[in-house]
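Remarks on the overall topology
What follows is the residue order along each chain.
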Amino acid sequence: MAASPDIRAIPSSWTASESGAAKEALDALETYKKKDPSKVVVRFRAIGNAPIMRQNFYKITASNRFQAVIQFLRKELGWKTGDPLYTYINMAFSPAPDDTVSNLFKSFSTDGHLIVNYSTTAAWG
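Residues numbered from 1 in each chain as written. Predicted model: local features only at pLDDT ≥ 70, side-chain atom pairs only at ≥ 80, totals over all residues. Heavy atoms only, no water.

What counts here: UniProt positions are given in the numbering used here, feature names are shortened, and annotations may be inferred rather than shown by experiment.
Looking at an unreviewed UniProt entry, one finds the chain named Ubiquitin-like protein ATG12 and attributed to Neolentinus lepideus HHB14362 ss-1. The heading Sequence similarities (unreviewed entry) in the UniProt record of the chain holds the text "Belongs to the ATG12 family." Database annotation for the chain, UniProt heading Subunit (unreviewed entry): "Forms a conjugate with ATG5."

**Some thoughts on the packing of aromatic side chains**
Selection criterion: When two rings of Phe, Tyr or Trp (its six-membered ring) have centres within 6.5 Å they constitute a pair, described as stacked for plane angles under 30 degrees, edge-to-face for angles over 60, and tilted for the intermediate range. Secondary structure elements are defined from DSSP: runs of H or I of at least 4 residues count as helices, runs of E of at least 2 residues count as strands, and each element is numbered from the N terminus.
Considering all chains together, one arrives at four aromatic pairs under this definition. Seen from their ring centres, Y58 and F72 are 4.8 Å apart, and the 75° between their planes marks the pair as edge-to-face. With Y58 in strand β2 (residues 57–61) and F72 in helix α3 (residues 66–77), this residue pair connects regions lying 14 residues apart in the sequence.

**Observations regarding the environment of G48**
Relative to the assigned elements, G48 resides in the loop between β1 (39–46) and β2. On a C-alpha basis, the gap between G48 and A123 in space is 8.2 Å, while along the polypeptide they are 75 residues apart.

**A word on helix α4 (residues 101–108)**
Filter applied, for reference: Categorising residues by exposure relies on relative accessible area from a 1.4 Å probe, with only protein chains included: less than 20% of the type maximum marks a residue as buried, more than 50% marks it as exposed, and the intermediate range marks it as partly exposed. Picture the helix axis, draw a direction to every C-beta atom, and the arc is the one those directions span. Any two residues whose heavy atoms approach within 4.5 Å at even a single point are treated as in contact.
Those residues of α4 that sit buried are V101, S102 and L104. Summarising the axial view, the buried residues of α4 lie within an arc of 165°, below the 170-degree limit, and thus occupy one face. Exposed residues lying more than 90 degrees from the buried face of α4 are K106 and S107. The inward-facing, buried residues of α4 abut β1, β2, α3 and β4 (114–119).

Spelled out as structure tokens, the structure:
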């Protein structure tokens, strides 16, 4: 019996491991969805005319997005949403708000701290 031209048979090697691959993918997705309860030490440093914070070391949940760090910094400084705030990692670049604190820490930590520089004006590219 000839198969129809638009219907193809799936190789048997694909179907045998299909349930295992689907389970592995679901397990990976569940692991990704879990919040990382560990904390990261973030050190804030003022640049230019930005006010200096009384305390500049804070522990922040590693699974948070960098946007949460920005909001926390605004709250600590008493700045409104419209007030200009520029943040940089290690005086080098401005991270995207959707970067995770964990990834930034793993890639750019210095002496066990994630150094976040902040300013009221653009300081670096």
